[in-house]
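Architecture and fold: a report
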Amino acid sequence: MANMLYFMGFLALSCSLALASDPSPLQDFCVAAPNGQVFVNGQFCKDPKQVTENDFFFSDLNKPGNTANPLGSKVTPVNVAQIPGLNTLGISAARIDFAPYGLNPPHIHPRGTEILTVLEGTLFVGFVTSNTENRFVTKVLQKGDVFVFPQGLIHFQRNAGYGNAVAIAALSSQNPGVITVANSVFGSKPPIEDDVLAKAFQVDKNVVDQLQSQFWMDN
């Protein structure tokens, strides 16, 4: 009986780990077919006979993103929306460009862990652990340094140098998603009631109203 309980517990743990990331493919590839008539978890597969090399290709990642915005940064994603061949493969990437002192603001990837490599410049990066510890883990990264942001944790990157900075991120999902904290809290549509946010942040409602009246951009 004890062995059976141990086996069932191990099986449950294994299943939970298996379901914690994108599902594994059951064939060589499942190129995403756009404009499906039914919503599914992921994308429908394109007819393999219609698959071409361009379904696995993306160009222009060598071109800098436009950082002329209030954040001073630009993210160029390379996920299943850009490369249909990533469907079911559980991986994606992004290029992040930073103007001097530019910021990729605090955000969450709900479906993927991120591993970041600095190609140029100096970045100050960090993430915050979950409740109740809420520990702030930070590091200053130089060219060639690599840093990991665990799935679902709030994190950010800021250019700490005097020149431009560039980083490449790889993520453990074909569609890791992005939730920018400020945008979600103060820029939701319709807006969250100001008395809710005033109590949550322990500030006057006028402060909340001012924040909600601002334009919150995605980079």
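Scoring rules and cut-offs
Residues numbered from 1 in each chain as written. Predicted model: local features only at pLDDT ≥ 70, side-chain atom pairs only at ≥ 80, totals over all residues. Heavy atoms only, no water. Helix = DSSP H or I, 4+ residues; strand = E, 2+ residues; numbered from the N terminus. Buried < 20%, exposed > 50% of the residue type's maximum accessible area, 1.4 Å probe, protein only. Contact = heavy atoms within 4.5 Å. Areas by Shrake-Rupley, 256 points an atom, 1.4 Å probe, with all protein chains shown as cover. Pairing = 2+ DSSP bridges. Axes fitted to C-alpha atoms, helices over the stretch in contact; angles between N-to-C directions. UniProt positions renumbered as here; feature names shortened; annotations may be inferred. 1 Å grid on protein atoms, 1.4 Å probe; cavity = no way out; pocket = protein on both sides within 12 Å on 5 of 7 lines; lining within 4 Å. Salt bridge = Lys/Arg side-chain N within 4 Å of Asp/Glu carboxyl O. Points joined across faces, edges and corners; volume = space filled by probe spheres on them. Nonpolar A, V, L, I, M, F, W, Y, C, P; charged D, E, K, R; others polar. pLDDT = per-residue confidence, 0-100. Disulfide = S-S within 2.5 Å.

1. Comments concerning the overall build of the protein
Looking only at helices and strands, the protein features 4 helices and 12 strands. When burial is assessed residue by residue, the protein has 33% of its 219 residues classed as buried. Sequence-distant contacts in the protein: of pairs separated by 6 or more residues, those separated by 24 or more amount to 68%. Here the protein has roughly 13700 Å² of accessible surface; of this, 60% comes from carbon and sulfur atoms.

2. Let's talk about the sheet that holds strand 3 (residues 73–78)
Spatially, 3-4-11-6-9 is the arrangement adopted by the 5 strands of the open sheet, whose pairing is antiparallel. Each edge of the open sheet carries a strand with a single partner, namely strand 3 and strand 9 (146–149). Across this sheet, the average inter-strand angle for adjacent strands is 20°, counted without regard to direction. For strand 3 and strand 4 (residues 92–98), the ladder comprises 6 bridges, and the chain directions are antiparallel. Its bridge partner lying in strand 4, valine 75 is registered against isoleucine 96.

3. Topic: the UniProt feature "binding site: Mn(2+)" (unreviewed entry) in the protein
As recorded in UniProt, the sites labelled "binding site: Mn(2+)" (unreviewed entry) are His107, His109, Glu114 and His155. In terms of the greatest pairwise C-alpha distance, the residues named above, spread along 49 residues, form a tight cluster of at most 11.8 Å across. The annotated residues contributing to the lining of the largest pocket are His107, His109 and Glu114. Mapping histidine 107 onto the fold places it in strand 5 (residues 103–108). Those residues in contact with histidine 107, other than ones at most four positions away along the chain, are Glu114, Leu153, Ile154, His155, Gln157, Val178, Ile179, Thr180 and Val181.

4. Quick word on the pattern of salt bridges
Using the criterion set out here, one finds 5 salt bridges in the structure. Note that aspartate 55 is salt-bridged to lysine 46, the shortest N-O span being 3.0 Å. A relative accessible area of 22% means that lysine 46 is categorised as partly exposed. A salt bridge links glutamate 120 to lysine 143; its shortest N-O distance comes to 3.4 Å. Placement of the pair is glutamate 120 in strand 6 (residues 114–120) and lysine 143 in the loop between strand 8 (136–141) and strand 9, with a sequence separation of 23 residues. Lysine 143 sits in the exposed class, given a relative accessible area of 56%.

5. Description of the layout of surface pockets
Here the largest pocket is characterised by a volume of approximately 370 Å³. Lining the largest pocket are 22 residues, and of these Val75, Pro77, Ala94, His109 and Val178 lie nearest its centre. Those elements giving two or more residues to the lining of the largest pocket turn out to be strand 3, strand 4, strand 5 and strand 11 (165–171). Looking at the lining of the largest pocket, the element that brings in the most residues is strand 4, giving 4 residues. Of the residues assigned to the lining of the largest pocket, the class counts are 10 nonpolar, 10 polar and 2 charged.

6. Looking at the environment of isoleucine 115
Residue position: isoleucine 115 is located in strand 6. On the basis of relative accessibility, which here comes to 39%, the residue isoleucine 115 falls in the partly exposed class. Sequence-wise, isoleucine 115 and valine 148 are 33 residues apart; in three dimensions their C-alpha atoms are separated by 4.4 Å. What isoleucine 115 contacts, discounting residues up to four positions off in sequence, is Val146, Phe147, Val148, Ile168, Ala169 and Ala170.

7. Observations regarding the confidence of the model for the protein
The share of residues in the protein with pLDDT of 70 or more is 85%, and the mean pLDDT across the chain is 88. Scored below 50 in pLDDT, residues 4–8 shows 0 contacts in the model against residues more than four places distant or in partner chains. Every residue in residues 10–19 scores below 50 in pLDDT, and together they form 0 contacts with partners more than four places removed in sequence or on other chains.

8. Some points on the state of the cysteines
Across all of its chains, the model carries 1 disulfide by this definition. Covalent S-S linkage joins cysteine 30 and cysteine 45, the inter-sulfur distance amounting to 1.8 Å. Between cysteine 30 and cysteine 45 the sulfur-sulfur dihedral comes to about -105°; the bridge is accordingly left-handed. Of the two residues, cysteine 30 is situated in the loop between helix 1 (2–18) and strand 1 (32–33) and cysteine 45 in strand 2 (residues 44–45); the sequence distance between them amounts to 15 residues. A residue is classified by how much of its surface remains accessible, and cysteine 45, at 43% relative accessible area, is partly exposed.

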